[in-house]
Amino acid sequence: MPDRKVLLVNLVYREQGLILGEGNPKNIRSLEDLARPGLTFVNRQRGSGTRILLDYRLAELGVDTDIIHGYDHEEYTHMAVAAAVKAGAADVGLGIRAAAQALGLKYIGIAQERYDLCIPAEYFDTPYIQRLLEVVSLYDLRDCGKVMWQS
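Below is a summary of the structure that appears in this document. (Residues numbered from 1 in each chain as written. Predicted model: local features only at pLDDT ≥ 70, side-chain atom pairs only at ≥ 80, totals over all residues. Heavy atoms only, no water.)

**Let's talk about the pattern of salt bridges**
(1) Moving on: Overall, the coordinates contain 11 salt bridges when judged by the stated rule.
(2) Moving on: Here R4 ties to E122 by a salt bridge, and the two come within 2.6 Å at their closest N and O atoms. Of this pair, R4 sits in the segment before β1 (6-20) while E122 sits in the loop between β5 (106-120) and α4 (127-135); the two residues are 118 residues apart in sequence, bridging distant segments of the chain.
(3) Moving on: Note that R114 is salt-bridged to D116, the shortest N-O span being 2.5 Å.
(4) Moving on: According to the relative accessible area criterion, R114 is partly exposed, its value standing at 41%.
(5) Moving on: Within this structure, R46, R51, D55 and E74 form a network of salt bridges that share partners. (Salt bridge = Lys/Arg side-chain N within 4 Å of Asp/Glu carboxyl O. Helix = DSSP H or I, 4+ residues; strand = E, 2+ residues; numbered from the N terminus. Buried < 20%, exposed > 50% of the residue type's maximum accessible area, 1.4 Å probe, protein only.)

As structure tokens, this is what we get:
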């Protein structure tokens, strides 16, 4: 948008991590543990941000996804991953902290993501944008509404 003034406004942060059964009975501590025998994993669907993050991190660590039991078991929401862990269908899944907390599950954070909104400057003071900035209440809001950059 080279001919337009814009503001980059922080929306939220969210934390991704391992969602574990109550008490973490399999003593899972890290992504490397997903390759351990005797563990069952529940994954997010291909193309989701969570899956992209997981595949990137596993590649960094040199973990072969072919040896992760349950790697092909895909769910389409963070809550579905948490529900599979809660029900005992999996020992561990990757998802957001809010999903683990909603079901009273153990959680180990592995990554933090920042989400920003790019707002054309002429719309910034409109009631619609101002209302949006007022009602956002998900994830970590430490910089919510803060202008992060301006052209």
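**Comments concerning helix α2 (residues 78-86)**
(1) Moving on: If you check which residues of α2 are buried, you get H78, V81, A82, A84 and V85. Taken down its axis, α2 places every buried residue within 155° of arc, on the same side.
(2) Moving on: Where the residues of α2 are buried, they touch β1, β2 (41-44), α1 (49-61), β3 (74-75), β4 (92-96) and α3 (97-102).
(3) Moving on: G88 lies just past α2 and shows a positive phi near 85°. (Arc of directions from axis to C-beta. Contact = heavy atoms within 4.5 Å.)

**Regarding the nonpolar core**
(1) Moving on: Judged by nonpolar contacts, the single largest core of 18 residues is most densely connected at L18, L34, L54 and L58.
(2) Moving on: Sequence-distant contacts of L18, that is, excluding residues within four places in its chain, are made with I28, S30, L31, L34, V92, G93, L94, K106, Y107, I108 and I110.
(3) Moving on: Core analysis: the next-biggest nonpolar cluster, separate from the first, contains 12 residues, I19, A82, I96 and Y107 among them. (Core = buried A, V, L, I, M, F, W, Y, C linked by side-chain atoms within 4.5 Å.)

**Looking at the pairing of β1**
(1) Moving on: Burial runs high along β1: 13 of the 15 residues are buried.
(2) Moving on: Looking at chain direction, β1 and β5 are connected through 14 bridges and run antiparallel. Its bridge partner being in β5, V12 is matched across the sheet by Y115.
(3) Moving on: Examined bridge by bridge, β1 and strand β6 (residues 147-150) share 3 bridges and lie antiparallel to one another. By the bridge assignment, L7 is partnered in β6 with Q150.
(4) Moving on: Taken together, the 5 bridges between β1 and β4 define a ladder with antiparallel strand orientation. Bridge pairing in β4 places Q16 opposite I96. (Pairing = 2+ DSSP bridges.)

**Details of α1**
(1) Moving on: With 13 residues, α1 should reach 18 Å at 1.5 Å per residue; the first-to-last C-alpha distance of 18 Å fits that figure.
(2) Moving on: Phi turns positive, to about 75°, at G62, one or two residues after α1. (Expected span 1.5 Å × (residues − 1).)

**Some details on unusual backbone geometry**
(1) Moving on: Even without a glycine there, the phi angle at N24 is positive, about 50°.
(2) Moving on: Take N24: it is sitting in the loop between β1 and β2.
(3) Moving on: The phi torsion at N27 lies on the positive side, around 55°, for a residue other than glycine.
(4) Moving on: Of note, N27 is situated in the loop between β1 and β2.
(5) Moving on: A relative accessible area of 41% places N27 in the partly exposed class.

**Thoughts on the environment of T40**
(1) Moving on: When you line up the elements, T40 lands in the loop between β1 and β2.
(2) Moving on: The spacing of T40 and V92 is 52 residues in sequence and 6.6 Å in space, taken between C-alpha atoms.
(3) Moving on: Setting aside its immediate chain neighbours within four residues, T40 contacts H69, A89, A90, D91 and V92.
(4) Moving on: Side chain to side chain, T40 and H69 meet in a polar contact 3.2 Å long. (Polar contact = N/O pair within 3.5 Å; in protein donor to acceptor, adjacent residues only side chain to side chain.)

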